[in-house]
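Structural description and commentary
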Amino acid sequence: MFRSDSVPVTLVFAAERLNYLVEVRNKDDPSEFPERNLKLVKGIYGAALVWRGLLQSLLPDWNMCMFCVAFPAWEWALVSCLIYWRLDQKPIGRYFVTDTILITGGAGFIGRYVARACLERGHKVRVLDSLIEQVHGDRTQTEGLDPDVEVVVGDVRDEAALLRALKGATKVIHLAAEVGVGQSMYAVDRYVSVNDYGTAVLFQQLIDNPVKRVLVASSMSIYGEGLYQDAGGRIYEDVIRKPRISADEPWDPLDDQGRPLVPVPTPEWKKPALASVYALSKYVQERLTLTLCPAYGMEGVALRLWNAYGPGQALSNPYTGVLAIFASRLHNGQPPMIFEDGQQRRDFVHVEDVAQAFVLALDHEKAPGGVYNVGSGQDRTVSEVAELLSQAMNRPMTPEIAGKARIGDIRHCIADIGKIQQELGYKPRKNFAEGLAELADWVAKQEAKDLVNEARKELEARGLVA
Ligand SMILES: NC(=O)c1ccc[n+]([C@@H]2O[C@H](COP(=O)([O-])OP(=O)(O)OC[C@H]3O[C@@H](n4cnc5c(N)ncnc54)[C@H](O)[C@@H]3O)[C@@H](O)[C@H]2O)c1
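Residues numbered from 1 in each chain as written. Predicted model: local features only at pLDDT ≥ 70, side-chain atom pairs only at ≥ 80, totals over all residues.

1. A word on the overall build of the protein
Per the secondary structure count, the protein includes 16 helices and 15 strands. Here the protein, with 466 residues, has 42% of them falling under the buried criterion. Counting contacts in the protein only where the partners sit at least 6 residues apart, residues at least 24 apart contribute 80% of the total. (Helix = DSSP H or I, 4+ residues; strand = E, 2+ residues; numbered from the N terminus. Buried ≥ 20, exposed ≤ 12 C-beta atoms within 10 Å, placed from the backbone. Contact = placed C-beta atoms within 7 Å.)

2. Some remarks on the environment of Gly333
Here Gly333 is to be found in the loop between helix H11 (322–331) and strand S11 (337–338). Sequence separation of Gly333 and Met397 is 64 residues, and the distance between their C-alpha atoms is 8.8 Å.

3. A few points about the site of the ligand
The local shell around the ligand holds 30 residues, among which Gly105, Gly108, Ile110, Ala177 and Ala217 are the closest. For the shell around the ligand, the secondary-structure elements that each account for two or more residues are helix H5 (109–120), helix H6 (133–136), helix H9 (188–208), strand S5 (213–219) and strand S10 (307–309). Element by element, the count of residues in the shell around the ligand is highest for H5, at three residues. Tallied by class, the residues present in the shell around the ligand amount to 16 nonpolar, 10 polar and four charged. (Near = placed C-beta within 6 Å. Nonpolar A, V, L, I, M, F, W, Y, C, P; charged D, E, K, R; others polar.)

4. Let's talk about the sheet that holds strand S14 (residues 379–381)
Spatially, S10-S12-S14 is the arrangement adopted by the three strands of the open sheet, whose pairing is mixed. Every interior strand has two partners, whereas the edge strands, S10 and S14, have only one. Each adjacent strand pair in this sheet contributes to an overall mean axis angle of 50 degrees, direction not counted. Across three bridges, the pairing between S10 and strand S12 (residues 345–350) is parallel. Paired with Ala308 across the bridge in S12 is Val349. (Pairing = 2+ DSSP bridges. Axes fitted to C-alpha atoms, helices over the stretch in contact; angles between N-to-C directions.)

5. Describing the sheet that holds strand S1 (residues 100–104)
On the basis of which strands lie adjacent, the open sheet formed by seven strands has the order S3-S2-S1-S4-S5-S9-S13 and parallel pairing. Of all the strands in the sheet, the pair left with one neighbour each is strand S3 (150–153) and strand S13 (371–374). The sheet shows a mean angle of 20 degrees between the axes of neighbouring strands, taken without regard to direction. Bridge count for S1 against strand S4 (residues 171–174) is four bridges, and the pairing is parallel.

6. Digging into helix H15 (residues 432–444)
Between its first and last C-alpha, H15 extends 18 Å over 13 residues, near the 18 Å set by a 1.5 Å rise per residue. On its buried face, H15 sits against S10, H11, S12 and helix H13 (382–392). (Expected span 1.5 Å × (residues − 1).)

7. Quick look at the nonpolar core
Ranked by size, the top nonpolar core spans 101 residues in total, and within it Leu303, Val354, Phe358 and Ala361 carry the most contacts. Top contributing element to this core by residue count: helix H12 (residues 351–363), with nine residues. Beyond its immediate stretch of four places on either side in the chain, Ala361 contacts Leu215, Val301, Leu303, Ala367, Tyr372 and Leu424. (Core = buried A, V, L, I, M, F, W, Y, C linked by C-beta atoms within 7 Å.)

8. A short note on the environment of Lys445
Relative to the helices and strands, Lys445 is located in the loop between H15 and helix H16 (452–461). Taking the C-alpha atoms as reference points, Lys445 and His331, 114 residues apart in sequence, are found 9.9 Å from one another.

9. Considering helix H10 (residues 277–295)
For H10, with 19 residues, the first-to-last C-alpha span of 27 Å sits near the 27 Å given by 1.5 Å per residue. Every buried residue of H10 is listed here: Val277, Tyr278, Ala279, Leu280, Ser281, Lys282, Tyr283, Gln285, Glu286, Thr289 and Cys293. Buried residues belonging to H10 abut helix H8 (181–184), H9, S5, strand S9 (299–305) and S13. Note on H10: the residue one or two positions beyond its end, Gly297, has a positive phi of about 70 degrees.

10. As for the pairing of S4
Consecutive side chains of a regular strand alternate in pointing toward one face of the sheet and then the other. Taking every second residue as pointing to the same face, both faces of S4 are buried, with Lys171 and Ile173 on one and Val172 and His174 on the other. Across four bridges, S4 lies against S5 in parallel orientation. Each bridged residue has a counterpart across the sheet, and for Val172 the counterpart in S5 is Val214.

11. What about the environment of Lys124?
Inspection of the secondary structure puts Lys124 in strand S2 (residues 124–129). Taking the C-alpha atoms as reference points, Lys124 and Ala169, 45 residues apart in sequence, are found 9.0 Å from one another.

12. Some thoughts on unusual backbone geometry
Phi is positive for Leu131, which is not a glycine, with a value near 50 degrees. With respect to the helices and strands, the residue Leu131 is situated in the loop between S2 and H6. Classification of Leu131 by C-beta neighbours within 10 Å gives partly exposed; the count is 19. Residue Glu340 is not a glycine yet carries a positive backbone phi of 60 degrees. Along the chain, Glu340 falls in the loop between S11 and S12.

So, in structure tokens, the structure goes:
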């Protein structure tokens, strides 16, 4: 067992290991499964060492105690079991329940990843989702949600369903929304009803049943055009896009001397410029959250998401994320259809990184009252991502360039993610090529209806493509 001269060394070693336990319980720790499991294993090993030390000093005859003689073997058995547990992909974190999280719209693309990340973080998760047809087709049951998630099928505008879903909840992540920029310009009542009235009903219930914290999924679309810079380095914060009168006009916004402005990362302080009904409705959601939470003793946080992508996005929804739309086209042997000239710049962020941002904002003490951009920190043109995706899917095809813009779309907006990195410890982890390869593998096993032409006709019929 311990020789007396090795006690200080063992104590230091045990303390170091125990520190891993503290880190894992520390809300600032940005590491996720499986790193958290490894830290737990190391921490528990430290605790075993301390326990052995205590027994050794308390028991009168250490060497005579069979249990203690055998203790090192027990320790290793325990450590091996935990390592096996980790390899078995079972996040240990979910055995340490801390909060009950209600995720509205949690059966959707982002919701499923956020739900999993919350479970891994040790929270209990409940989802309220009305399973709208545009996203879930004719399914009446959720698909792809972790079996540990409790599901309430219901509309966020239905008080009774909300009350059931809020029972015992300590935090809320509000994702339920209609999500198409183009579609919002004609389905105005639907977008305002679900996104804004839905958020109003949620807060009406929260006033009587408050929770500790509410996170809302806002959007980069609220910025309108992002921040720009001219050749002399002057920053333009208020670029407004005007419809092009003739085909010779440049797509990019121009400075006072007619030179194209260059997009630069957009920070949270840029003033909103609401160019679509969707943007307007997301801003209302954000403001309702940040106005009502402090008034009723709750903590509100808004995350402004850029273009999320990854396996699980609705492939047959022509109003969803651009990568899922391109993937659906390619899967059906059609070239991606790109509005404008394809040189619009965006930030494509993997959905696992979006989930990381949510779990950080859920627990971090600095988050309340904050708005945070969530992106990858890297920008790309829409044409470039179409080409990279067709390579990843092994379907080389030249994209179809529409040469026309959708009303309500913005030209460039790229993310400045400095604030969430510094304040919440967010680190985008997924490399874009790796994310696309994973998406391509998933798409290959799916069925996808290509409804892009129908969606384009809907917009054209209303004069919303010019
Ligand atoms: N995906 C992105 O790139 C992105 C970017 C910016 C912001 N956001 C925001 O993130 C959130 C989640 O987006 P997503 O990509 O997972 O979309 P999604 O369409 O996959 O998920 C939305 C979910 O909300 C549900 N829903 C819709 N109306 C509802 C209602 N009335 N009551 C209850 N549930 C309802 C849908 O059934 C769906 O499961 C949305 O608020 C969206 O505006 C997404």
